[in-house]
Amino acid sequence: AGAAAAAKSLVSANVSAVIGSFASAGERAALPTYKKAGLPTLALCGTAQDADSGALSLAAPASLTGSAAASLAQSLGRHNAAVLTDSADASSQVLGKAFVEAFTKLGGSCTEIAFSAGKKLDQQAVQAVESAGADVVFMVSSAEDGETFLRLARKSGVVCPVIGPSSWDAGLLLSDADYYSDNVYVIADYDGCGTEQVSAGFASRFSAWAGDNKDVRLKNGGSTYASSYSALGYDAYMLLVGAIKSAASTEPAAISDARLKKSYSGVTGTLAFDGGRA
């Protein structure tokens, strides 16, 4: 909401580059304004990338995320998946279709279920999962809707594994580690609980920073957990800093050119651009 207006405000402020918009809907609304102004952008989780427009994404594409989720479901010995997607979110539907395609190729079967986000997410979605006889659930939603579904599902006796997208990798959903969060998996771009030195180091620094800042903790779901989006935001910022230094310029065109040529070793891995994707 307000992404197009925000884009106009940033162009008026003569910024040199933009991190965002955050999600696909906002990205699609803002891209024409950024493209007209020639501003390089770095999206964190959108699927509406257009390399010609200067919009690049650091997040994994839907095809890779869906395939990873399908492989995970198969590795858990599951064969009948319920795939829940937001009826009003095109990106949710794209990712759901990617899972269905990959899981079907692996020999599994899928029941596709559409839900309405927010207050309309109710027992009907849970009942649809039960009716499908699913032994695994793949749900593409926000962390808030994921938490709502999980609480309702576990209360109703749906105890099978539930797999969510990177938006579920959030303190908002994961900080309340009670019964409903058992057997929940997240496909994400970064492992904040991992032992790899670079990612673990970032998680430690982020937690210390959030621990010292009440406002940060509040915005982070009351947690000091370093999510994928926190890590991607850090990498996006540092990648742009590197591009500006490499270009020795703050002109958007020079930054855009340097960014495309530059690889960056970050906390989410080594990033290099191919078309519109890192």
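Our structure is the block above this text.
Everything numeric here is computed off the predicted structure, so don't read it as measured data.

**Side note on helix α10 (residues 228–247)**
Taking 1.5 Å per residue, 20 residues should reach 28 Å; α10 reaches 28 Å between its end C-alpha atoms and fits that length. In this structure, the buried side of α10 is in contact with β1 (18–19), β2 (41–43), α8 (197–211), α11 (252–261), β9 (264–266) and β10 (269–271).

**Description of the pattern of salt bridges**
Applying the stated criterion across every chain, the model contains four salt bridges. Between K97 and E112 there is a salt bridge, and its shortest N-O distance comes to 3.1 Å. Placement of the pair is K97 in helix α4 (residues 90–105) and E112 in strand β5 (residues 109–115), with a sequence separation of 15 residues. Residues K261 and D257 are paired through a salt bridge, measuring 3.1 Å at the closest nitrogen-oxygen approach.

**Quick notes on unusual backbone geometry**
Unusually for a residue other than glycine, N14 sits at a positive phi of about 60°. Tracing the backbone through its elements, the reader meets N14 in the loop between α1 (3–12) and β1. Look at A248: it is not a glycine, yet its phi comes out positive at around 50°. Among the structural elements, A248 can be located in the loop between α10 and α11.

Analysis parameters
- Residues numbered from 1 in each chain as written.
- Predicted model: local features only at pLDDT ≥ 70, side-chain atom pairs only at ≥ 80, totals over all residues.
- Heavy atoms only, no water.
- Helix = DSSP H or I, 4+ residues; strand = E, 2+ residues; numbered from the N terminus.
- Expected span 1.5 Å × (residues − 1).
- Contact = heavy atoms within 4.5 Å.
- Salt bridge = Lys/Arg side-chain N within 4 Å of Asp/Glu carboxyl O.

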